[in-house]
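Read off the chains here:
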Amino acid sequence: MSAPVTSPLLVIKDIECRYDGREAVRGLSAHVNAGDIVCLLGPSGCGKTTVLRAVAGFHNLDAGEIRIQGVLVSRAGFTLPPERRSLGMVFQDHALFPHLSVAHNVGFGLRREGRTEKAQIVSEVLELVGLADMAERYPHELSGGQQQRVALARALAPRPDLILMDEPFSSLDVEMRERLSAEVRNILKTRGTTAVLVTHDQHEAFALGDLVGVMHEGRILQWDTPYNLYHEPSCRFVADFIGQGVFLPGTLLAPDTVETEIGVYKGNRAYTWSKGTRIEVLLRPDDIVPDSGSALQAVIVQRAFKGAEILYTLQLPSGGRLLSLFPSHADHRPGERVGIRVQADHLVAFPISS
Ligand code: ADP
Ligand code: MG
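This structure is a prediction, so every number in the text was calculated from the model and none was measured.

Cut-offs applied
Each chain carries its own residue numbering, running from 1 in the direction its sequence is written. Here chains are named by letter from A upward and ligands by number from 1 upward, in the order in which they appear as written. Only residues with pLDDT of at least 70 are given local features in this predicted model, and only at 80 or more are side-chain atom pairs given and counted; all residues enter the totals for whole chains, interfaces and linings. Computation of side-chain values: all heavy atoms of the structure, hydrogens and water removed. We count a stretch as a helix when DSSP gives it H or I for four or more residues in a row; a strand needs E for two or more, and each element gets its number in order from the N terminus. Multiplying one less than the number of residues by 1.5 Å gives the expected span of a helix. Three labels apply to residues, based on accessible area from a 1.4 Å probe with only protein chains included: buried if under 20% of the type maximum, exposed if over 50%, partly exposed otherwise in between. What the arc covers is the set of directions going from the helix axis to the C-beta atoms. In this description, contact between two residues means that some pair of their heavy atoms is separated by no more than 4.5 Å. Throughout this document, a residue counts as near a molecule or strand when at least one of its heavy atoms sits within 4 Å of that molecule or strand. Nitrogen and oxygen atoms within 3.5 Å of one another constitute a polar contact, given that in protein one can donate a hydrogen and the other can accept it, and given that sequence-neighbouring residues count only through two side-chain atoms. The method behind every accessible area is Shrake-Rupley, applied with a 1.4 Å probe, and residues are considered shielded solely by the protein chains displayed. Three residue categories are used. Nonpolar comprises Ala, Val, Leu, Ile, Met, Phe, Trp, Tyr, Cys and Pro, charged comprises Asp, Glu, Lys and Arg, and polar comprises the others, including Gly. A cavity, in this analysis, means grid points on a 1 Å lattice covering only the protein atoms where a 1.4 Å probe fits yet has no way out; a pocket is instead an open set bounded by protein on both sides within 12 Å along at least five of seven lines, and a residue lines either one if it has an atom within 4 Å of a point. Grid points are joined across faces, edges and corners, and a volume is the space filled by probe spheres set on the points. A fitted line through C-alpha atoms represents every axis, and for helices the fit uses only the stretch in contact; the resulting angles, taken between N-to-C directions, go from 0 to 180 degrees. Comment on the angle field: the value is read as roughly parallel under 35 degrees, roughly antiparallel over 145, roughly perpendicular from 65 to 115, and oblique elsewhere. Handedness of a crossing is defined here by the sense of rotation of the near helix relative to the far one, left-handed for an anticlockwise turn of less than a right angle and right-handed for a clockwise turn. Here is the rule: rings of Phe, Tyr and Trp (six-membered ring for Trp) pair when centre to centre is within 6.5 Å. Planes less than 30 degrees apart are stacked, more than 60 are edge-to-face, and the remainder are tilted. Here, a charge over a ring is recorded when the distance from Lys NZ or Arg CZ to the ring centre is within 6 Å and its angle to the ring normal is within 35 degrees.

Asks: Before we go on, may I ask you to explain helix 5 (residues 174-191) in this structure?
Replies: In an α-helix there are 3.6 residues to a turn, and that puts residues three or four apart on one side. Here helix 5 contains 18 residues, and its C-alpha end-to-end distance of 26 Å stays within 8% of the 26 Å for a straight helix at 1.5 Å per residue. Every buried residue belonging to helix 5 is among Met176, Leu180, Ser181, Val184, Ile187, Leu188 and Arg191, and all of these are buried. Looking straight down helix 5, one finds its buried side chains confined to an arc of 130°; they lie on one side. Residues of helix 5 that are exposed and angled more than 90 degrees away from the buried face: Val174, Glu175, Glu178, Asn186 and Thr190. In this structure, the buried side of helix 5 is in contact with strand 3 (37-41), helix 3 (115-128), helix 4 (144-156), strand 8 (162-166), strand 9 (194-199) and helix 6 (202-208). Of the residues one or two after helix 5, Gly192 is the one with positive phi, at around 70°.

As structure tokens, then:
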């Protein structure tokens, strides 16, 4: 049996965007299926906003093409205007109209609907974002999180094919950011809305995205599930950018076996580099576990209490460092020596470039 063929809602193919001749986005491609929430994640300046503006129709392409629902909307020399793309947008600074009530802000984009229908849509989306009783308030009477939910309701009201969000939670505090990203994911999934979010914050990307593209210097380096980005990073940049961890130098003994100063271990993937290749092995804090009976010992140099767990920075006899998550009741002090063991199925290694 073959899988059902779904045509992607958004296709970005080999796009290039320049500012005064300088490339900001180069040869970037992505497919987004209907109903999916995807994130572009990368450090500041890597081109995330430019990609989103190109999808929205605010930035012209220098090469490549963009299709929405199969319709060509952008290529070099042609840009379908934003208002003809059936998009909703949410930005970092929610940009609500200060002199309009919440209800009027949300209904702003509903120009074709009659009064009754408009009122019904407004109350439906306000219900959806949990602000049904705030319809008559004004933006300045709301918290930052509430304002951002109004912005989302406004974007959802015209039932766009696609919602674009540029760092929508970055002006909020960490706790609110976490709560709102989970809420927004539920809201989008309830509606079956397709969304592209850009952010530099991996927690946000992981909390929201079905798929995440890690960007660097105008390109997507890996387009994958959050799980795979963490456990199976495809290159050194992604391994470093996502999650915490350290790289220990070592040698490849067999395609699936490495030797480092903390021993020989075997993982679940096979590398094709020749035996004896000098490599760096990625070790995440959850790969190093406490083992009081272990011959492998390290000295605690730093301790960060995380609640359920404690993150220890450990020093090896060579001076090399490891990070390790211990259960919270294993409470040690800097200077103490502890036994550890590697517990990792995922063997992630990269050749040392000389
Ligand atoms: P991000 O959103 O990932 O921070 P941007 O898409 O805003 O990245 O920017 C990508 C690159 O393009 C950066 O090097 C930035 O300096 C440059 N850039 C962005 N906007 C402009 C502009 N209006 N004029 C010139 N260069 C720009
Ligand atoms: Mg940006």
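Asks: What is the right way to look at the site of ligand 1 in this model?
Replies: Neighbouring ligand 1 are the residues Tyr19, Arg22, Ala24, Pro43, Ser44, Gly45, Cys46, Gly47, Lys48, Thr49 and Thr50. For ligand 1, an oxygen atom lies 3.2 Å from a polar atom in the side chain of Arg22. For ligand 1, an oxygen atom lies 2.8 Å from a polar atom in the side chain of Thr49. Relative to its unbound accessible area of 560 Å², ligand 1 is 61% covered by the protein chains. Within the residue set of the shell around ligand 1, elements represented by two or more residues are strand 2 (22-32) and helix 1 (48-56). In terms of residue count, helix 1 provides more of the shell around ligand 1 than any other element does, three residues in total. When the residues that make up the shell around ligand 1 are grouped by side-chain class, the tally is four nonpolar, five polar and two charged.

Asks: What exactly am I supposed to notice about the layout of surface pockets here?
Replies: Over the atoms, a rolling probe the size of a water molecule traces out where space has been left empty. Estimated volume of the largest pocket: approximately 820 Å³. If you trace the largest pocket, you find 25 residues lining it, with Leu87, Gly88, Gly109, Arg111 and Pro158 closest to the centre. Secondary structure elements with two or more residues in the lining of the largest pocket: strand 7 (87-90) and helix 4. The element that contributes the greatest number of residues to the lining of the largest pocket is strand 7, accounting for four residues. Split into classes, the residues belonging to the lining of the largest pocket amount to 14 nonpolar, four polar and seven charged. Here the second largest pocket defines a volume of roughly 310 Å³. As for the second largest pocket, its lining consists of 14 residues, and the residues nearest its centre are Ala103, His104, Lys118, Ala119 and Val122.

Asks: Honestly, the packing of helix 4 against helix 5 in this entry has me stumped. Any pointers?
Replies: Angle between the axes and distance between the axes: these two values describe a pair of packed helices. One can describe the packing of helix 4 onto helix 5 by two numbers: an axis separation of 11 Å at closest approach and a directional angle of 20°. In terms of orientation, helix 4 lies roughly parallel with respect to helix 5. As helix 4 packs across helix 5, the resulting crossing turns out to be right-handed. In this structure, helix 4 contributes Gly145, Gln148, Arg149, Leu152 and Leu156 to the contact, and helix 5 contributes Met176, Arg179, Leu180, Glu183, Val184, Ile187, Leu188 and Arg191. Grouping the amino acids of the contact of helix 4 with helix 5 by side-chain chemistry returns seven nonpolar, two polar and four charged.

Asks: Can you walk me through the packing of aromatic side chains in this structure?
Replies: Aromatic rings considered in pairs are described by the distance between their centres and by the relative angle of their planes. The tally for this structure, following the rule as stated, stands at four aromatic pairs. With a centroid separation of 5.6 Å and 10° between ring planes, the pair formed by Phe237 and Phe241 is classed as stacked. Note that Phe237 and Phe241 are positioned in helix 8 (residues 236-241) at a spacing of four residues, about one turn of the helix. According to the relative accessible area criterion, Phe237 is partly exposed, its value standing at 25%. Residue Phe241 is classed as partly exposed on the basis of its relative accessible area of 22%. When the ring centre of Phe247 is taken as reference, the NZ or CZ atom of Arg236 above it lies at 3.5 Å. Its guanidinium or amino end placed over the ring of Tyr230, Arg284 lies 4.2 Å from that ring's centre, counting from NZ or CZ.

These values are about where atoms sit, not about what they do.
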